[in-house]
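Listed here are the chains, written in short residue letters.
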Amino acid sequence: KSRSSSPRNGYLQVLMRVKEEEDGNNGITTTITSLFHDTIQCLAWDNKVTSSFIRCIGSRRLIRDLFHPLVIAATKQQRETEEVSRWDESNFDDDNNTDDDYPLNSEKNLHHLMAVASEYLGSPSSLAKVSAADLSIALWSLTQIYQPSRSHHQKLQSYRSFIKACMKRLRKRSVISPARGCDIALAIRSVEQLLRLLGREDDDNDDESRLQPFQDILSLPLKLPGEEDMIDSYIPSLQTNTYRTLPPPTETTAQNDGLAVADDLRSEAVTMFHTLVNELLFQPTGGNAQRKLRSLSLQQVADMLQTAVVLKVSRDDLQTATIEVLDYLTSDPFVLDQTYSCRDISRTLLSLQRLRVGTGIYNLDLEKSGVQRLGARFLEIVDRQSKGRTRGKCAPKTLTTVVRSGVLMFPRSETKSILDAASILIRDDTIPVDVSDHNDVIFVDYGVTVPFLERCNDYELSWLLWTFAISRRFDKNVFIALTDQILENISDDSFTASSASRVMWSTSVLLSLDEAGDQHDGRHIDLFHQLSPILLSSHLSPTDLSCAMYAIAKTNYVFDRGVFDFLAEELASDESLEHANTRLISQAVWACGKMAEFEDPIMSSTESLVASQEDAAPNQPPYLNNVYKMLTFLIRNKAHMTPKHVAETIWAAFGRLSISDQYYLEELSGIAARVAPQCNSREIANIVWGLSKVDYADDPQLICTLVRVITNSNLSQKCTSQEAANCIYALGRLGVRDQELFSALSSIIKNQIHDANSQAIANSLWGHDVVGLPAPPELLSVWARDTLGMDTYSAKYD
């Protein structure tokens, strides 16, 4: 049969092509399918027949006329299996299945034929006759036939030698030089997928499902009242690589990514990756020839980047490649104009984020431009899809990946387009749904639609809300839509504790924004009341615990204080502290200090100066002992504490919880002295205010040194009247009579006299009076106007 086949189209190829053309005629399709499987059975009848057939048609036609048809057959079988699994099992009689049915015998014949063919192709003489394009198709065929959903991991193990031989062949310059960019990209992607399969990772070939754990990537921009917005960064500073091409693989690039495959195969894959990427970056000489990289589609670019992430190729080794990719996305409009898949954009953004784009280690302007271009194209696709009832609209998982990756790279204006697209989808209620007719046949009824958010699970909803919180973007309609759907999903008993913590933290941040105004309207109370019990349902990570504590304190949610006590106790446990960091623990201490206000009804707020309230001993909160353990942790890890961590810890521990233990005072004041030069005005004000609340008089010079960080630097121009007034109040409370400091701080208040509130003026007047220094008349005039209702103040009243 093979000898009589057309030179261009083999017998099996023709059968499958005719079958596809006649797909609308069930009778013809069934006949051709039967004929195809009968042919496979004939070829796999015994080894002699199989070997004779394979040697007869040769290496190149073996890939084109055997592998490709087998992929079509295996894919069709998978589709049929999925359709059957969706129907009611009562419609099928398992007793009617025999050993001669296709899913059993034909599958066995297919694998036998593939095994013999790959053994033949893996020989040096056969490989020498095939091109890079043929090798790419052969590797790709294995990924399609042995997909995880088909549970053929053990069968794929027998192809290890063949896979390794193909990778070695693809490293030869003479083989890859004539190859097209798309062939190289296909080879890269296929090897990555095969490594996943060999590693028994059942990820369904879905690049978006492997999101980083919440506790590893959540950045908490905690701020004290008036503190500047900031996001903690844990990304190390990497030196710029000046390689013009990719260097040889290093030991780092060969690290295992959880793939249970032999070191030699993994190492061979890394080496092949470097070789193929170098070929993509190679600049041909003469004429207007471009790098092969610039012939790739966005899907193929995403394949290359994703493979680099999976193989854990070091960022230094990818310096040139990443810059070239970003430049390609920025300078060539064609690559994005021809992109119509949201999933391709999501995979590209996810890979770029994991390669630490957004940190400036490549080229910050280029990084911004590349992400903005991807975001703009994503918005165009979503906007066009929203105007029609198409089934191909962006999936919830894809949207979550896009917004999360984009915001992690650039949390502000650079991702505006991405959040605009998310807003469109969140409000979209025209998503077609699958329905069944009376015969249980599944089809899409474009007249039956549901809101986009109804397709989202708790994980996706919590991340969507989180991205808006990180970006400091409050949209009333989006916020209401998300929280309403979250409330509905909670009733399904499938909401996880980690998602609950994420929702609470995001809600507290969004409601604290100025744009939120008076949008509280009790919504967060109902939301927190239903989410709080979920926090008790399972073991939480330190990040989840700290997030939930911050959210409860930030929103003054006091109806479930027992939950807060539980969270504090859990976070202070040895197990949690072992996996915590100073950012999380200092945030938790801040939350405890904030919640202490509700433990004693007469405890004053931060700005209150009523002596009877300040001097009153507050009731001891139930989590005070846990705070001591947290402070011990911070002192033990003081080298990692930033000025922000120090400020919020001292503000809460001394200022709000009135902890006056000498050990903690000495240790934390020493840490404050160390970080003082790096502090901003808000951090200095909170440190000195906290120390003054426990009458810290051991080292008056330290207080003066801290305040001079503001008065003797450019911080005086950024210092607010409230911060200057708090410093004056602290100096007065500690009895520090320094005319120079009082004068400098008073000047800051006078320069902002119209912005100063009566509380700030009262703090300043009280501080001057305690140390016996005259207050500036301007301050007295404002106090007289706001407090006594006098139009002017005259010195005769002195």
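All of these numbers come straight from a predicted model, not from anything done at the bench.

Concerning helix H17 (residues 342-354)
Relative to the 18 Å expected for 13 residues at 1.5 Å per residue, H17 spans 18 Å between its end C-alpha atoms, a close match to the ideal helical length. With respect to burial, H17 is a largely interior element, 12 of its 13 residues being buried. For H17, the full list of buried residues reads Cys342, Asp344, Ile345, Ser346, Arg347, Thr348, Leu349, Leu350, Ser351, Leu352, Gln353 and Arg354. Buried residues in H17 make contact with helix H11 (181-198), helix H14 (298-310), helix H15 (319-331), helix H18 (364-386), helix H19 (396-409) and helix H20 (416-426). If you check the start of H17, you find a side-chain oxygen 3.3 Å away from the backbone N of arginine 343, and it comes from serine 341. Arginine 356 sits one or two positions beyond H17 and adopts a positive phi of about 70°.

Structural notes on the side chain of threonine 348
Within the element layout of this structure, threonine 348 appears in helix H17. Ignoring sequence-local partners within four residues, the contact set of threonine 348 consists of Leu298, Ala302, Leu305, Leu329 and Leu374.

Some thoughts on the packing of helix H25 (residues 542-554) against helix H28 (residues 582-595)
Helix-helix packing: each pair is described by the crossing angle between the helix axes and the interaxial distance. In contact at an axis separation of 9 Å, H25 and H28 are set at 30° when each is read in the N-to-C sense. With respect to each other, H25 and H28 are oriented roughly parallel. The handedness of the crossing between H25 and H28 is left-handed. Of the residues in H28, those in contact with Pro542, Thr543, Ser546, Cys547, Met549, Tyr550, Ile552, Ala553 and Lys554 of H25 are Leu584, Gln587, Ala588, Trp590, Ala591, Cys592, Lys594 and Met595. Class assignment of the residues belonging to the contact of H25 with H28 gives a composition of 12 nonpolar, 3 polar and 2 charged.

Points about the packing of aromatic side chains
What the rule picks out here adds up to 13 aromatic pairs. Plain terms: the ring middles of phenylalanine 564 and tyrosine 623 are 5.3 Å apart, the flat faces sit at 75° to each other, and that makes the pair edge-to-face. Highlighted residues: phenylalanine 564 in helix H26 (residues 561-571) and tyrosine 623 in the loop between helix H29 (611-615) and helix H30 (624-636), separated in sequence by 59 residues. For the pair phenylalanine 564 and tyrosine 623, a shared accessibility class is recorded, and that class is buried. For the pair tyrosine 729 and tryptophan 766, a centre-to-centre distance of 5.1 Å together with 40° between the ring planes defines the contact as tilted. A residue pair is termed long-range when its members are at least 10 positions apart, and tyrosine 729 in helix H36 (residues 721-733) and tryptophan 766 in helix H38 (residues 758-771) qualify at 37 residues.

Considerations on the pattern of salt bridges
If you walk through the whole model with that rule in mind, you get 24 salt bridges. In this structure, aspartate 134 and arginine 60 form a salt bridge, with 2.8 Å as the shortest nitrogen-oxygen distance. In this pair, aspartate 134 is assigned in helix H7 (residues 132-145) and arginine 60 in helix H4 (residues 59-86), connecting sequence segments 74 residues apart. On the basis of relative accessibility, which here comes to 10%, the residue aspartate 134 falls in the buried class. Arginine 60 gets classed as partly exposed once you look at its relative accessible area, which sits at 47%. Where aspartate 574 meets lysine 629, a salt bridge forms, and the shortest distance between an N and an O atom there is 3.7 Å. Separated by 55 residues along the polypeptide, aspartate 574 in helix H27 (residues 574-578) and lysine 629 in helix H30 bring together distant segments of the chain. Looking at lysine 629, the relative accessible area reads 35%, which means it is partly exposed.

Parameters and conventions
- Residues numbered from 1 in each chain as written.
- Predicted model: local features only at pLDDT ≥ 70, side-chain atom pairs only at ≥ 80, totals over all residues.
- Heavy atoms only, no water.
- Helix = DSSP H or I, 4+ residues; strand = E, 2+ residues; numbered from the N terminus.
- Expected span 1.5 Å × (residues − 1).
- Buried < 20%, exposed > 50% of the residue type's maximum accessible area, 1.4 Å probe, protein only.
- Contact = heavy atoms within 4.5 Å.
- Polar contact = N/O pair within 3.5 Å; in protein donor to acceptor, adjacent residues only side chain to side chain.
- Axes fitted to C-alpha atoms, helices over the stretch in contact; angles between N-to-C directions.
- Parallel < 35°, antiparallel > 145°, perpendicular 65-115°, else oblique.
- Left-handed = near helix turned anticlockwise from the far one by under 90°.
- Nonpolar A, V, L, I, M, F, W, Y, C, P; charged D, E, K, R; others polar.
- Phe/Tyr/Trp six-rings, centres within 6.5 Å; stacked < 30°, edge-to-face > 60°.
- Salt bridge = Lys/Arg side-chain N within 4 Å of Asp/Glu carboxyl O.

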